[in-house]
Amino acid sequence: MLEALAAAVLNRVLGEYIEGVEGEQLRVGLLSGSVSLANVRLRTGALDRLQLPLEVRRGFLGCLQLAIPWRSLKSQPVRVVIKDLFVLAVPAAETAYNAQREEERALRKKRERVEAAELYAVARPGGSSGGTFATQLAAKMVENLQLSIENVHVRVEARTPG
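So, here is what we can say about the structure in this document. This one's a predicted model, so the numbers in the text were calculated from it and none came from an experiment.

Brief notes about the overall build of the protein chain
1) Next: A tally of helices and strands in the protein chain yields 3 helices and 5 strands.
2) Next: Along the protein chain, helices and strands appear, N-terminal first, in the series α-β-β-β-β-α-α-β.
3) Next: The proportion of buried residues among the 162 residues of the protein chain is 27%.
4) Next: Contacts in the protein chain between residues far apart in sequence, at least 24 positions, make up 63% of those at least 6 positions apart.
5) Next: For the protein chain, the exposed surface amounts to about 11,400 Å²; the carbon and sulfur share of it is 57%.

Below, the structure is given as structure tokens:
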């Protein structure tokens, strides 16, 4: 049951980068604050947020580990470890045009702009009365975030004329 709940949350948060997370791919230690996700495929639009002229043809994430110190969220870092990331990308011009996918990307970009504007309004000095406890806690967690990335392999293949 806990894995299913964690899978739903991870699908919501990481859904634009990875394909459906299932309970058997997860290891969750609720009290210890550890979450481990293994062996997931990347979505074709995983690089869209970087605004690169590339599209993921195939992608694989070996392991994503989270360490969340529940008892001291304001003082201890939240650790994120990404291991064994393999990406095969092609220039976006080489992929077939898909109207539905382009519409989804445009909608996602609009959402990102709105979310960025909302975050700016809350974080701006004097722009808010300090925000809710949850907002303040989330801001402190982001300040204390530690990200570690190990073993990344990106291969870009382009067809040559002739």
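Digging into the sheet that holds strand β2 (residues 34-41)
1) Next: Taken together, 5 strands build an open sheet; the order of strands is β1-β2-β3-β4-β5 and the sheet is mixed. Edge positions in the sheet fall to β1 (26-29) and β5 (146-156), since each has one partner strand and no second. When the angles between neighbouring strand axes are averaged without regard to direction, this sheet yields 15°.
2) Next: Judged from the 4 bridges that link them, β1 and β2 form a sheet pairing that is antiparallel. Among the inter-strand pairings, Arg27 is bridged to a residue of β2, identified as Ser36.

A few points about empty space enclosed by the protein
1) Next: Counted by the stated rule, this structure contains 1 cavity of 30 Å³ or more.
2) Next: Space inside the largest cavity adds up to approximately 40 Å³.
3) Next: Taken together, Asp48, Arg49, Arg105, Arg108, Lys109 and Glu112 make up the lining of the largest cavity.
4) Next: When its residues are assigned to classes, the lining of the largest cavity shows no nonpolar, no polar and 6 charged.

What about the nonpolar core?
1) Next: Within the largest apolar cluster, 21 residues are counted, with the highest numbers of intra-cluster contacts made by Ile18, Leu37, Leu42, Leu61 and Leu64.
2) Next: Contributing elements (two or more residues each) for this core: α1 (2-14), β2, β3 (54-67) and β4 (79-91).
3) Next: Sequence-distant contacts of Leu37, defined by excluding residues within four places in its chain, comprise Leu10, Ile18, Val21, Gln25, Leu26, Gly62, Cys63 and Leu64.

Here's the deal with the pattern of salt bridges
1) Next: For the structure on display, the rule yields 2 salt bridges.
2) Next: For Glu157, the salt bridge goes to Arg155, with nearest N and O atoms at 2.0 Å.
3) Next: You can call Glu157 partly exposed: its relative accessible area is 31%.
4) Next: Residue Arg155 is classed as partly exposed on the basis of its relative accessible area of 44%.

What counts, and at which threshold
- Residues numbered from 1 in each chain as written.
- Predicted model: local features only at pLDDT ≥ 70, side-chain atom pairs only at ≥ 80, totals over all residues.
- Heavy atoms only, no water.
- Helix = DSSP H or I, 4+ residues; strand = E, 2+ residues; numbered from the N terminus.
- Buried < 20%, exposed > 50% of the residue type's maximum accessible area, 1.4 Å probe, protein only.
- Contact = heavy atoms within 4.5 Å.
- Areas by Shrake-Rupley, 256 points an atom, 1.4 Å probe, with all protein chains shown as cover.
- Pairing = 2+ DSSP bridges.
- Axes fitted to C-alpha atoms, helices over the stretch in contact; angles between N-to-C directions.
- 1 Å grid on protein atoms, 1.4 Å probe; cavity = no way out; pocket = protein on both sides within 12 Å on 5 of 7 lines; lining within 4 Å.
- Points joined across faces, edges and corners; volume = space filled by probe spheres on them.
- Nonpolar A, V, L, I, M, F, W, Y, C, P; charged D, E, K, R; others polar.
- Core = buried A, V, L, I, M, F, W, Y, C linked by side-chain atoms within 4.5 Å.
- Salt bridge = Lys/Arg side-chain N within 4 Å of Asp/Glu carboxyl O.

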